[in-house]
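Structure at a glance
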Amino acid sequence: MTSFNRSTSRRLKKLTQIPSVWEGDRRPLSSPNQFSDSEAKGECILWVDYSQGVVRGMDIVASDIGPEAIVRTLMQAMEHPQSPARPARPQRIVVKDREIQFYLRGVLQDLDIAIDYAPELPLIDELFRGFADILDSQTPDLPPQYAQILREKAFAIWQAAPWEFLEEQQILSIEINKWDVGTLYASVMGMLGMEYGILFYRSEESLKQFRAAVLTDQESTEHLEEAFLKQDCLFLTFESADETDEDEDEEDDLADLPLSEIDPTFGNIHPLEGLRSVLYDEEALVILVAIESLSRFIRDHRRQLHEDIFPTLGRRYRISLPQSEESTKSVPVTVSTMPQLAAELEEMAGFDIDDQEIDNPDFQSLQDDLIPEDAFLSLGVVSWEMLESLRKGVSYHQASEIKPVGDGLPVILIQTSRPKAKTVIERIEATGGLRAICFNPGADPFDGDRYDLGLLQTQNGELFLFGEFLDEDPTHVEARKKWNQRCKNTKGYCGLIIAKGLTGASRGNPQLRDMMALFEARSLSPKDLGIGTLQLMPQLKFE
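Below or above, wherever it landed, is the structure these notes cover. Predicted model, so just to flag it, every value in this text is computed and none were measured.

With 52 residues, the main nonpolar core has Ile174, Ile176, Phe200, Phe238 and Phe266 as its most contacted residues. Counting residues per element, this core draws most heavily on helix H9 (residues 281-305), which supplies 12 residues. Not counting chain neighbours up to four residues away, the residues in contact with Phe200 comprise Ile174, Leu184, Tyr185, Ala186, Asp232, Cys233, Leu234, Ile287, Ala290, Ile291 and Leu294. In this structure, Met78, Ala88, Ile93 and Ile115 belong to the second largest nonpolar core, which totals 26 residues.

Laid out in structure tokens, this is it:
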């Protein structure tokens, strides 16, 4: 048995011994009426002065922590008690657990403290009854009768992964007309790989107001928080079950985690209530019906929703309700796409193709002879301060009007030798300059590999390949997420930097003096480009 070292015993014996009886116990921190695993919530250790009726020490520990924990809390109760108690040593301790009694007798044998047993501890029993009443009065995150089925439906949505083909502005209407809810407007989050979930807006107006507020001032944290709390919606989001890794820079993409490590969260946002991660009965039924009807719609129209153009679709379903809902057995629901609203939201965000004055000519061929094969390539960002220096320092600069938003301008950097860099610049100049940068899907039908193809579109409509990246390359996946978010911040503006010094000391890290050209352009999505998945074709040589 572990015991105090002699110096600790001497220190504790110096404390004034008061004629008091202390009660001590360790119990699960849960209520027997709760639908929960008490072990997951740990145990509470309490030391109280029965004579004075005050709590001297309290701690929460994991259930598998040994008996040493109750001694540590007792030491705190003696040396550093909770106010208004003063440091002291009791004459007598009473516990209701025989094992704790025998353990304390061995540990405290040098402190002249009597350790007794009692079947009941009046003051501690009263305190724990109060704790249980508080726990019983707490509202669970989900109504118990709907909790399991809601989680099942949430996991079905997770496995359907609508964010793989639906963007946030591609809204789906879900007409329910029950529980004082008319139509919900579902916005799917997750295409950028940053946050996965679905927002179910209670009105089209709330959705538009939030988008407009975010676009008005994207740099003010206070403004964004205020806009967030003014939304009127129900939500389903997904997080990692292991919260310890949330802030790690190298955290795996949530989409790569197994289902067992995914945790769905439900809640409500309202201008007068704020954020609430609790659903009440009617709200639980509303979101249950919305998720189930949305899952069916995705199942029935998955192929059409994958198309480049957001299609006009609609379908009616009858959703069965859990048996606990006595008055109604099922609810008719109509789910529809909203292409017109999607176009309006895209225009609000500055991604309207006509506003960008970018043509979509019929695709003829993709050229791959612009960028030298041995060139160094990277996706990154140039700070706004650095951008101003770059604009003044390069030999060739194609300018545009960019509003500084976010951490800087997203750029593609291509570093090669000085002669080759000069050739690249001259060829782009000869086409009228750079119009846009795009990442478009590509596939090799022979070995099954899928690629993310980096493309440059010049003013005359020609397309040039600057990079081929495997879809499964984690480094590129992470770089693309940052690229997409930065382009979203700049409302589609990005840049191409051509640099020299491939064989010198600055290889892979060109300095300002190495940068020869800056082309400011627009970022295009595959849908904007409109050429579909490019297939690798074999080249046959005849001799």
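On to the pattern of salt bridges, then. The full count for this structure, using the stated rule, is 25 salt bridges. Residue Arg299 pairs with Asp300 through a salt bridge whose shortest N-O separation is 3.0 Å. With a relative accessible area of 56%, Arg299 lands in the exposed category. The class for Asp300 is partly exposed, based on a relative accessible area of 25%. The partner of Glu520 in a salt bridge is Arg391, and the shortest N-O contact between them spans 2.7 Å. Within this pair, whereas Glu520 is found in strand E22 (residues 515-524), its partner Arg391 is found in helix H12 (residues 384-393), the two being separated by 129 residues in sequence.

By way of backbone hydrogen bonds, the strands of a sheet pair with one another, either parallel or antiparallel. Spatially, E3-E2-E1-E4-E5 is the arrangement adopted by the 5 strands of the open sheet, whose pairing is mixed. Each of the sheet's edge strands pairs with one partner strand only, and the pair in question is strand E3 (54-61) and strand E5 (114-117). Strand-to-strand, the axes of this sheet are offset by a mean angle of 20 degrees, without reference to chain direction. Pairing analysis gives 7 bridges linking strand E2 (residues 43-49) to E3, with the strands arranged antiparallel. Its bridge partner lying in E3, Ile45 is registered against Asp59.

What follows is about the state of the cysteines. Across all of its chains, the model carries 0 disulfides by this definition. Here Cys494 stays unpaired: no disulfide links it, and the sulfur of Cys487, its closest cysteine neighbor, is 5.0 Å away. Judged by relative accessible area, Cys494 falls into the buried class, the value being 0%.

Quick notes on the rules
Residues numbered from 1 in each chain as written. Predicted model: local features only at pLDDT ≥ 70, side-chain atom pairs only at ≥ 80, totals over all residues. Heavy atoms only, no water. Core = buried A, V, L, I, M, F, W, Y, C linked by side-chain atoms within 4.5 Å. Buried < 20%, exposed > 50% of the residue type's maximum accessible area, 1.4 Å probe, protein only. Helix = DSSP H or I, 4+ residues; strand = E, 2+ residues; numbered from the N terminus. Contact = heavy atoms within 4.5 Å. Salt bridge = Lys/Arg side-chain N within 4 Å of Asp/Glu carboxyl O. Pairing = 2+ DSSP bridges. Axes fitted to C-alpha atoms, helices over the stretch in contact; angles between N-to-C directions. Disulfide = S-S within 2.5 Å.

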